[in-house]
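# Coordinate inspection notes
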Amino acid sequence: MAQLISRLRLWRGFVLLLAGIYFAVPLGASVLFSVDNPMTKSWSLRAYTQLLGAPGFTDSLRLSLELAVVTVAILLLLLVPAMVATRLGAPKLRPVLELICSIPLVVPVVALTTGIIGVLRWGPDYLSTTPLFQTILAIQNPTFPVVLVIAYVLMALPFAYRAIDAGLGAVDVKTLVEAARSCGASFPRAVFTVVVPNLRTSLLNASALTVALVLGEYTTASILGFTPFTVWIAANGKNDGQMSVAVSILSLMIVWIVLLLISAAGRERRGRKSARS
Amino acid sequence: MTTTPLNAPPTGVPLHPGSATVEFRSLRRAFGTTTALDGLDLTVHPGELLALLGPSGCGKTTALRILAGFETHDSGEVLVDGEDVTKTPAHKRDAGMVFQSYSLFPHLTAADNVAFGLKMRGSSKSDRRKRAMELLELVGLPQRAEHFPHQMSGGQQQRIALARALALQPRVLLLDEPLSALDAKVRLNLREEIRRLQQDLGITTLFVTHDQEEALSMADRVAVLRAGRLEQCATPSELYARPTTAFVAEFVGTMSRIPAYRSGDGVEVLGRRHAVDGVVPADGELDVLVRPENVGLTAAADGGAVVVGASFLGAVTRLTVRLLDGTEVKVDLATEAAALLPVGGNAHLILPDRPVLVDRRVKSGQ
Ligand SMILES: Nc1ncnc2c1ncn2[C@@H]1O[C@H](COP(=O)(O)OP(=O)(O)OP(=O)(O)O)[C@@H](O)[C@H]1O
Ligand SMILES: [Mg+2]
């Protein structure tokens, strides 16, 4: 038995090592390449400083982060009430909701984007005499393209749905809501004060997945002609090889940092709880 | 009806000024083709603990949930203190509830769970804290105030849930099998504790259970439900001693059935005439129902019964005897007396002299 366990440990270490090498070697090589200076045979951060100094860096990064925040907010406001309501009131509709939320998985991003372009083209001709015309223009405002948020909400739907569904499965939503109502909380208040706090982890997971998706999305933004961080970085990294590698490392770092912040937000709360008890 | 003595509670938690009267009138509820409640009529008196007892699926939970406002009824009325509460939403019904499954809010400490209702009501933080501690004291868990539900045992969680249900001084307390997820020992303790608290507070309480022992030991009155209707509602002793139907007789306590024959206005059983308690069914074959403790047994080589089994229950031993026609009858004897009747021995069965309950014969194997 003990022998078996130690063999398993060995295997686990081996697999971890392999995976580590698989990820670390290319990453490390890229980092080395991006800071290497072949002329002086020493290293320099030229590629990075040039990148950070290039015009549009902060604007595009801010746009990406704003898009991420708004997308997460809309997605959660849309999904959580809908999912809680189906669980409590119409369990038979759950498969339907799941199906609807999964559709974006099978629609290629390019197809979605083409569809959006079609609508944006078609819209002005038909709506020019209605107030909706202004709306069509407003959602394409390059300082904050709402149309991208709409697209991202759709794209993130399957991931967010699954994350939240897992969270809802882990608590007895029906009993909790009923207990809260018998304590004098109205239905919306019960959902907000009792269900949502217990979905914390899964809401954070859903948010993290969505943020990662928004920060990494290139196709739609680029085809529609907006410049969030990914598009900017692609355009500015083309000039030289070292810089293009620096760009990919930088964007990886930024996504990591944001995700770490999100998961730290979740952990901090839990830490406080166990410290109190 | 028992009226609960309204003693001043030992802990300083004030009595609720008016414990409510609850009335179900011809309550009906169907889920698709299943009829959960089929014209339930029942009155719960102020301050009494009424147990709703019945087999699984007889509509106990449904009745409770309708009263709590979590379920609707198709027809009939639910009155609390004479007022129809149909249109009152659940959170305004003033009914505390303890659920079968653990229902504490996992993200809150015990104290915060208890104080939850007060928070919804907008009491100040210090008031909430004070009241929560009082209630935790009441259920004997003040030292658990800062613990989270996952750090407590099932019994402790149900106690906290009870404290939470009582925190708002509700007019009615609803308990839906609050003990069924607990192990036997804890269940016994908590049973007594719920009863003590309920009596101290004088709160009208509906207690759902399918455990007859629980119902008999705790309740002022027990309402036996069957297929969505009230079968009998009486004090535990009356229910046990004078069940009005065979269903109640067999559901509450143990009963043996012995074939019987009409004889005048009584029945003849094992060659003797007996008076009948209640009515004799007009047609069909008959059985009499007898409780094991009311049947006597004496060793007799020529007796018409054979002892086929014995199970030791402590002070009493329950013997199973088989009659000539194959009928099996359970007999409780003092353990010393039972020792004289070994398994395999012949014996003579003696039925009580008092009137017996008669029912249509149930075919064997049914
Ligand atoms: N929400 C529902 N949808 C469909 N049928 C239901 C629903 N709730 C209850 N029923 C049915 O109504 C009947 C009565 O149910 P109820 O839960 O009241 O029984 P119970 O007496 O509490 O039983 P148990 O002792 O098993 O808890 C059952 O046949 C049950 O299947
Ligand atoms: Mg039930």
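Heads up: the structure comes first, above all this text.
Rules used in this analysis
- Residues numbered from 1 in each chain as written.
- Chains lettered and ligands numbered in written order.
- Predicted model: local features only at pLDDT ≥ 70, side-chain atom pairs only at ≥ 80, totals over all residues.
- Heavy atoms only, no water.
- Helix = DSSP H or I, 4+ residues; strand = E, 2+ residues; numbered from the N terminus.
- Rg over C-alpha atoms; globule rule 2.2 N^0.38 Å.
- Buried < 20%, exposed > 50% of the residue type's maximum accessible area, 1.4 Å probe, protein only.
- Contact = heavy atoms within 4.5 Å.
- Areas by Shrake-Rupley, 256 points an atom, 1.4 Å probe, with all protein chains shown as cover.
- Lys, Arg positive; Asp, Glu negative; His and termini not counted.
- Charge placed at Lys NZ, Arg CZ, Asp CG, Glu CD.
- Pairing = 2+ DSSP bridges.
- Near = heavy atom within 4 Å.
- Polar contact = N/O pair within 3.5 Å; in protein donor to acceptor, adjacent residues only side chain to side chain.
- Nonpolar A, V, L, I, M, F, W, Y, C, P; charged D, E, K, R; others polar.

## Some thoughts on the overall build of chain A
- Regarding its fold elements, chain A presents 13 helices and two strands.
- Its C-alpha atoms give chain A a radius of gyration of 23 Å, clearly above 19 Å, the size a compact globule of 277 residues would have.
- Across its three principal axes, chain A shows a C-alpha extent of roughly 80 × 75 × 35 Å.
- In chain A, buried positions account for 37% of the 277 residues.
- Restricting to contacts in chain A with at least 6 residues of sequence separation, those with at least 24 account for 78%.
- Total accessible area computed for chain A in this model is approximately 15900 Å², and 71% of it derives from carbon and sulfur atoms.
- Distance between charge centres in chain A, computed from 22 positive and 11 negative side chains, equals 11 Å.

## A few points about the sheet that holds strand β14 (residues 276–277) of chain B
All names here are of chain B.
- Sheet architecture is open: six strands sit in the order β13-β12-β11-β15-β21-β14, paired in mixed fashion. Strands at the two margins of the open sheet, each flanked by one partner only, are β13 (272–274) and β14.
- As defined by bridge partners, strand β11 (residues 256–263) adjoins strand β12 (residues 266–269) across three bridges and the pair is classed as antiparallel. The partner of Ser263 across the bridge, within β12, is Gly266.

## Observations concerning the site of ligand 1
Residue and element names in this part refer to chain B.
- Looking at ligand 1, there are 13 residues lining it, with Ser56, Gly57, Lys60, Thr61 and Thr62 nearest.
- Note that an oxygen atom of ligand 1 is positioned 2.8 Å from one of the backbone N or O atoms of Gly57.
- In the environment of ligand 1, an oxygen atom lies 2.5 Å from a nitrogen or oxygen atom belonging to the side chain of Thr61.
- When residues in the shell around ligand 1 are grouped by element, the largest group, three residues, is from helix α1 (residues 60–68).
- Of the residues that constitute the shell around ligand 1, the class distribution is four nonpolar, seven polar and two charged.

Honestly, it's all geometry; don't read function into it.
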